[in-house]
Amino acid sequence: YKGVRYPAEIACERKHLEGAEALAFYESDFYAGMPVVTGHAWGRGEAYHVATRSNGAFYKAFLRDLCENHHIRPAADTPEGVEATVRKNEKGECLFLLNHNSQEVSVCLESGGTELLTGTVYAPGDQLKLEKTGVAVLFRPE
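Each chain carries its own residue numbering, running from 1 in the written order of its sequence. Totals for whole chains, interfaces and linings use all residues, but because this is a predicted model, local features are given only for residues with pLDDT of at least 70 and pairs of side-chain atoms are given and counted only at 80 or more. Excluded from the side-chain calculations are hydrogens and water; all other atoms, namely the structure's heavy atoms, are used.

Student: Whenever I open this one, the overall build of the protein confuses me. Can you help?
Tutor: What counts as a helix is a DSSP run of H or I of at least four residues, what counts as a strand is a run of E of at least two, and both are numbered from the N terminus. For the protein, the count of helices and strands is one helix and 10 strands. Listing each helix as α and each strand as β along the protein from the N terminus yields β-β-β-α-β-β-β-β-β-β-β. Note that the radius of gyration is over C-alpha atoms, with the globule rule given as 2.2 Å times the number of residues to the power 0.38. Here the C-alpha atoms of the protein give a radius of gyration of 20 Å, more than 25% beyond the 14 Å that 2.2 N^0.38 yields for 142 residues. By its C-alpha atoms, the protein is 60 × 40 × 20 Å across when sized along the principal axes. Categorising residues by exposure relies on relative accessible area from a 1.4 Å probe, with only protein chains included: less than 20% of the type maximum marks a residue as buried, more than 50% marks it as exposed, and the intermediate range marks it as partly exposed. Every one of the 142 residues in the protein was classed for burial, and the buried ones make up 30%. By definition in these notes, contact holds between two residues if any of their heavy atoms fall within 4.5 Å. Within the protein, counting contacts between residues at least 6 apart in sequence, those at least 24 apart form 40% of the total. Methods summary: accessible areas were calculated by the Shrake-Rupley approach with a probe of 1.4 Å, and residue burial reflects only the protein chains presented. A total of about 9600 Å² of accessible surface is found on the protein, and carbon and sulfur atoms cover 53% of it. Charge counting treats Lys and Arg as positive and Asp and Glu as negative, with His and both chain ends excluded. For charged residues, the charge sits on one atom: NZ in Lys, CZ in Arg, CG in Asp, CD in Glu. On the protein, the mean spot of the 15 positive side-chain charges and the mean spot of the 20 negative ones are 1 Å from each other.

This is how it looks when you write it as structure tokens:
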């Protein structure tokens, strides 16, 4: 996929395009040359099919490309192992940061706000430190 080799680990399927576009191909065995990742425009949307199970590196690259192509941005730019979600209402939004790591990490905040658990006020570009397995809730008013 995009010049990088990823493993085809289980349940490899043989596919025929029938209108879909091939995005990646098998390289070996009797599958060689057959499409393994396909995309197809349908109505106002798109569908994708991966004809095998690959590894985490493939899915990370593939999903990153899909998100970039469709202008889907994460709730926050976080280090590996930090989950970010946003909840909104008429008063503003809360950014929830959950550190699943066993060490402290820092998150660079794109926009400021008040951390509700500590009362700390952050400006855009500030670093918010999350203890190991720590949580932060950043409120940003409308």
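Student: What am I meant to see in the pairing of strand S5 (residues 92–99) here?
Tutor: Consecutive side chains of a regular strand alternate in pointing toward one face of the sheet and then the other. Of all eight residues in S5, six are buried; the element is thus mostly enclosed. In terms of strand pairing, strand S4 (residues 82–89) meets S5 through eight bridges, oriented antiparallel. Bridging from a neighbouring strand, Val 86 pairs with Leu 95 of S5. We call two strands paired when DSSP finds no fewer than two bridges between them. Adjacent in sequence and paired antiparallel, S4 and S5 are bridged by two residues.

Student: Even after reading the chapter, I still don't get the nonpolar core, so can you show me in this structure?
Tutor: Nonpolar side chains in soluble globular proteins tend to end up buried together. Residues Ala 76, Val 82, Leu 95, Leu 97, Val 105, Val 107, Leu 109, Tyr 122, Leu 128, Leu 130, Ala 136 and Leu 138 constitute the largest nonpolar core, which totals 12 residues. Secondary structure elements with two or more residues in this core: S5, strand S6 (105–108), strand S9 (127–130) and strand S10 (135–141). Leaving out residues up to four positions away in the same chain, Val 107 has contacts with Asp 77, Thr 78, Pro 79, Val 82, Leu 97, Asp 126, Gln 127, Leu 128 and Leu 130. The definition of a nonpolar core used throughout is a set of buried Ala, Val, Leu, Ile, Met, Phe, Trp, Tyr and Cys residues joined through side-chain atoms within 4.5 Å.

Student: I tried to follow the pairing of S10 on my own but got confused; where do I start?
Tutor: In this structure, S5 lies alongside S10, joined through seven bridges in antiparallel fashion. Bridge pairing links Leu 98 to Val 135 in S10. Both strand S7 (residues 113–115) and S10 contribute to a ladder of two bridges, which runs antiparallel. Residue pairing for S10: Glu 115 is matched across the bridge by Leu 138.

Student: I would appreciate a short explanation of unusual backbone geometry in the present structure.
Tutor: The general pattern is negative phi for most residues beyond glycine and trans for most peptide bonds. Even without being glycine, Lys 2 reaches a positive phi, approximately 50 degrees. Checked against the element boundaries, Lys 2 lands in the segment before strand S1 (21–25). Judged by its relative accessible area of 61%, Lys 2 falls in the exposed class. Phi angles above zero are rare outside glycine, and Thr 133 is one such case at about 50 degrees. Checked against the element boundaries, Thr 133 lands in the loop between S9 and S10.

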